[in-house]
Amino acid sequence: MKVFVIFDEASAPAAVHHKLAITLPPKWMDQSVDKVKGAFIGAYNKKFADSPLVADEMLLQVPDNSPFTHADTRLLRTTDTPEKAFEDKAEVRVVHRPVATAARDNGATVCKNYGCQCEFDESNNHEAACRYHRSAPMFHDTRKWWSCCEATKVYSFDELYLVPGCQIGPHSSRPPPEEQKRTAALADATKQALKLHEGVAKPTATGRAPPPKQVFTPSASTERKRALRPPLAAGRARCKHYGCQNEFVIAYNHATACTYHAAAPYFHEGSKQWPCCGVKKWDFDEFLAVPGCKRGWHEVEDEEATE
């Protein structure tokens, strides 16, 4: 895999902008992306010794083509790997780490409106001071969205709080009524759980808990039958290669009969990837339509072919 690593921040003079093509060794593919960052910064600092970059202050940034994200790019973490984060011949930018917002006066109050969480001074609060969401956030299968703005779904909490609010009004030091009900219900459930815990038999002096009073009757075991696919016609088999898995005639199999992928697919936070090709898709049909990168014989699945 080859990537083009670029430093071209607008705040830096054009004279110190730099682009470097890096071919990644296979052993780097499952290591931290910090390997790539370090390689670029090392080469950059040799070329621009008077304007060096500090590795701890920099992050790698890649395009994010997900239809569910609010931003066009995403910052990579140390735990990300080139195999999962990069695409072949993609552009990877080196950018400065975002600077945390400085804390305000200690007397400031944090707004409790959904999607705001800004600090405010009550003396400057007014009817158009806050832009917030009307309803609580929703979380499902790693996706996050505001229930009042379902059209925009994202994957990270940072992106969730970047989604513009749909309501304008004053900041509030009190949580929304919906949130107050949820908090009260959670407190009541916790109270009930503590009562149940108090009624449970305590350990004896030896430290062992007494045997339970309930009598448990094991349920009758049921055998789970494997769902079998329809049997193949005589002389046919199914190919086990990734990206193929088609039915074929054994007698017609030959050295270029199968177009397939060399490595297993990878699924991560809604994305679908062929790591052997460096291709990432979000739609499953588009993912299946990615042509294979290898040609060869069909290989029979690990089941008996019909002769």
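Not measured: the values here are computed from a predicted model.

## Concerning the nonpolar core
Residues F40 and F86 are the most contacted members of the largest nonpolar core, which totals 24 residues. Ranked by the residues each element gives to this core, the list is headed by helix α1 (residues 34-47), at four residues. Sequence-distant contacts of F40, that is, excluding residues within four places in its chain, are made with V5, I6, F7, H18, L20, I22, L53 and V94. Grouped together as the second largest cluster of nonpolar side chains are eight residues, A136, W146, C148 and L160 included.

## What to know about the pairing of strand β3 (residues 58-63)
The sheet contact formed by β3 and strand β5 (residues 91-96) spans four bridges and is antiparallel. Among the inter-strand pairings, L59 is bridged to a residue of β5, identified as V95. The sheet contact formed by β3 and strand β4 (residues 73-75) spans three bridges and is antiparallel. Looking at the pairing, V62 lines up with R74 of β4.

## With respect to unusual backbone geometry
A positive phi angle is found at K89, which is not glycine, with a value near 65 degrees. Checked against the element boundaries, K89 lands in the loop between α2 (82-85) and β5. At Q245, a residue that is not glycine, the phi angle is positive and equals roughly 55 degrees. With respect to the secondary-structure elements, Q245 resides in the loop between β12 (236-238) and β13 (247-249).

## Topic: the pattern of salt bridges
Counted under the stated rule, the structure contains eight salt bridges. When the shortest N-O distance is used, the salt bridge between R93 and E91 registers 3.2 Å. Accessibility expressed as a relative area gives 36% for E91, which makes it partly exposed. A salt bridge links E179 to R182; the shortest N-O distance between them is 2.7 Å. Separated by three residues within a single helix, E179 and R182 lie in helix α4 (residues 177-198), roughly one turn from each other. Here the residues in one salt-bridge network are D8, K19, E91 and R93, joined through shared partners.

## Some points on α1
Taking 1.5 Å per residue as the helical rise, α1 with its 14 residues ought to reach 20 Å, and the 20 Å between its terminal C-alpha atoms agrees with that figure. Restricting attention to buried positions, one finds in α1 the residues V36, K37, F40, I41 and Y44. Buried positions in α1, seen along its axis, are confined to an arc of 125 degrees and lie on one side of it. Looking at the buried positions of α1, the neighbouring elements they touch are β1 (2-7), β2 (18-23), β3, α2 and β5.

Conventions used here
- Sequence positions are assigned chain by chain, starting from 1 and proceeding in written order.
- Totals for whole chains, interfaces and linings use all residues, but because this is a predicted model, local features are given only for residues with pLDDT of at least 70 and pairs of side-chain atoms are given and counted only at 80 or more.
- Where side-chain values are given, they derive from all heavy atoms of the structure, hydrogens and water being excluded.
- Only buried Ala, Val, Leu, Ile, Met, Phe, Trp, Tyr and Cys residues count toward a nonpolar core, and they belong to the same one when joined by side-chain atoms within 4.5 Å.
- Exposure is judged per residue with a 1.4 Å probe applied to protein chains only, and the accessible area is read against the type maximum: over 50% gives exposed, under 20% gives buried, and values in between give partly exposed.
- Here a helix means four or more residues in a row that DSSP labels H or I, a strand means two or more in a row labelled E, and each is numbered from the N terminus.
- By definition in these notes, contact holds between two residues if any of their heavy atoms fall within 4.5 Å.
- At least two bridges found by DSSP between two strands are what make those strands a pair.
- Throughout this description, the term salt bridge denotes a Lys or Arg side-chain nitrogen within 4 Å of a carboxyl oxygen of Asp or Glu.
- Expected helix span is given by 1.5 Å per residue-to-residue step, counting one fewer step than there are residues.
- Of all possible arcs, the one meant is that of the directions from the helix axis to the C-beta atoms.

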